[in-house]
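# Inside the fold
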Amino acid sequence: MPLRKWPVTAVAAVATSCLAVAACNSGGGTTTGGTGAGGTGNTANAVRGGTLNMLGSGDVDYMDPNISYYSIGYLGLRPWSRQLFTYPAVEGQTTKSVPDLAQSLPTQGDGISADGKTYTIKIRSGAKWNTSPARQVTAADMVRGVKRTCNPVQPFGGLPDYLDLIQGLSTFCDGFAKVGKTPAAIASYLENTPLPGVVAKDDLTVVFTLNHPASFFTDMLTLPAFSPAPKEYDTYLPASPELAQHTLSDGPYQIQSYSPTKNITFVRNAAWDAASDPVRKAYVDKIVINETVTQDSTQQQLQTGTPSADMEWDNFPPPSQLPGLIAKKDPNLTIGPSASSNPYIVFNTVSPNNNKAMANLKVRQALSYALNRTNIIQVLGGPNLNDTLSHVLPSNIVGGEQNFDLYPYDPNKAKQMLSEAGFPNGLTLKMLYRNSSEGSSKTFQTAQQDLSKAGITVQGVPSPNADFYTKYLQVPTVAKRGVWDMAVAGWGADWYGNAAVSFFNPLFSGPPSFPPSGSNFGLYNDATTNSMITQGVTAPTTQAAATQWAQTDRKVMGDAPFFPITNPKQANYHASQVQNAIYVPAMQNYDPTNVWLTADKQGG
């Protein structure tokens, strides 16, 4: 996802976190995926009540569970939207999927058919929408939710992960793309067009049928895209501002108010039954998110005990302050694991600028030789917080990761290749970045300096956090107009463990991965690569898939559609009153539904 989650994935500005979920204690006070000194993990002493205040400078991508594809979007969904499976805020289990709306994890012979292609999943009784009166979440709601992901207005960006996996989905989506972009037309198609691969067997049983076995399918179902959608959503366009003001909740909180790019307020949902939710404890009464605070101000307020400052939203500790926080062993700093490529620099292969220079393989390869990965890592907090990544797959993704570097830093070779490509005097390129993020800004500035040594002039295209993906990268016409030639983006695993497919299908698989359905922001398209990705997806065994992904990784890097930099360690910081602050990689943050506030500082 863009980081996010991951996009994992349109992730955040600067990520800083341990590769292995084990021992990344960089300095006494920091913990890996844990509580920090501010939370013991002992819920027996939990305190209920109070207001959790979160500070940030950006917004969710969409207030629509089936469409959101951004780690901050996932963080914003956690209080009010539930999935069949999710990741718990439990020490040592934060990357292990557990039942959420589902009654149990399916296994071979108990929910999973002998051929591995049919999954039968029961929804928990007692999980309810906050309608009036409250009503049970049903299998029909789950079917509707999956169908909505390929709507013609704003499809889910991770569709390539499962478009050809779920039986009949590709055909269903092809038909959906031709439907009128009105609520009535969309609702009619949703309600009257069957999807063979997702069926409500009865009120509480949903059946998924796959085109081929996929050992990662249960983990894939942790994606918010696989959230149920109530029939009331048929009244609004998917991902629309109108829907964002009329959401329904099946989680412990509901949205009291939402002012895009300004604030979000969550209050308790009276329809929520704690017995139906094994994941969210909902200790605080209220969650208030202020989206107008700078990164530096957020850190200062959290450190100095400002009453209205408890946790970060999308502002992580500034990279320049991390060495000091680690050196003094700050107990409120957590360094947790990630499985990401964040940041990376994506090349716009369809830019018309410089006589379509970015379409030229030698130009992209020259850029890759001219960028100094070591220099960028240094301004992101240094090598102790950023593991070098010079290929597609991070080392903690199961299946296919091999360490290699096709483009060691060599500005002289870059100059030579530019000359061979027809640019002996260099060229001028435009670079999109988030100007409110220290990490994104410094990545741009460092790349600008390094590329100048190869005769390449870089002009900045600054963007607010809230616009970066939704108004730039997810809009192909912006790339085709040449608004940007390079962009500082981020990507995280859509799920954890066996997740190599989520680094290839959404990013490099040609037209099916183009925005808005995918996250191939530079519109890279190569027939051989597309075929290799298909072979990886349909490989008969995990080992065969790993072999195919390793080969595909080298093919993609040979085509140089992007410049990977780091699989970072993720730094987060919380105020001293926040307890049970357990970092969950899928949200790139602590789980706000499982922290509590000390009795003497309950917020306001």
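For the structure itself, consult the block above.
Residues numbered from 1 in each chain as written. Predicted model: local features only at pLDDT ≥ 70, side-chain atom pairs only at ≥ 80, totals over all residues. Heavy atoms only, no water.

## Here we look at the overall build of the protein
If you tally the helices and strands in the protein, you get 18 helices and 27 strands. A globule of 604 residues ought to have a C-alpha radius of gyration of about 25 Å, and the protein, at 23 Å, matches this closely. If one aligns the C-alpha atoms of the protein with their principal axes, the spans along those axes are about 70 × 55 × 45 Å. A total of about 19,700 Å² of accessible surface is found on the protein, and carbon and sulfur atoms cover 51% of it. (Helix = DSSP H or I, 4+ residues; strand = E, 2+ residues; numbered from the N terminus. Rg over C-alpha atoms; globule rule 2.2 N^0.38 Å. Areas by Shrake-Rupley, 256 points an atom, 1.4 Å probe, with all protein chains shown as cover.)

## Observations regarding the pairing of strand 11 (residues 253-259)
Taken together, the 6 bridges between strand 11 and strand 12 (residues 263-268) define a ladder with antiparallel strand orientation. Its bridge partner lying in strand 12, Tyr-253 is registered against Arg-268. What sits between strand 11 and strand 12 in their antiparallel hairpin is a turn of 3 residues, with Thr-261 showing a positive phi close to 65°. (Pairing = 2+ DSSP bridges.)

## Considerations on the pairing of strand 19 (residues 456-463)
Pairing between strand 18 (residues 427-434) and strand 19: 8 bridges, direction parallel. Across the sheet, Leu-429 pairs through a bridge with Val-458, a residue of strand 19. Crossover handedness for the path strand 18 to helix 13 (residues 438-452) to strand 19: right-handed. (Right-handed = clockwise from strand over helix to strand, strands pointing away.)

## Quick notes on unusual backbone geometry
What you tend to see is this: most non-glycine residues have negative phi, and most peptide bonds are trans. A cis amide bond, omega 0°, links Ser-132 with the succeeding residue Pro-133. Mapped onto the fold, Pro-133 is located in the loop between strand 7 (128-129) and strand 8 (135-136). A cis amide bond, omega 5°, links Pro-515 with the succeeding residue Pro-516. Locating Pro-516 in the fold gives a position in the loop between helix 16 (501-508) and helix 17 (527-537).

## A look at the sheet that holds strand 1 (residues 51-55)
In a beta sheet, neighbouring strands are held together by backbone hydrogen bonds and run either parallel or antiparallel to one another. In spatial order, the strands read 11-12-13-1-14; together these 5 strands make up an open sheet with mixed pairing. Two strands lie at the open edges of the sheet, namely strand 11 and strand 14 (311-312), each paired on one side alone. Alignment of strand 1 against strand 13 (residues 286-290), held across 5 bridges, turns out to be parallel. Counterpart to Leu-55 in the pairing with strand 13 is Asn-290.

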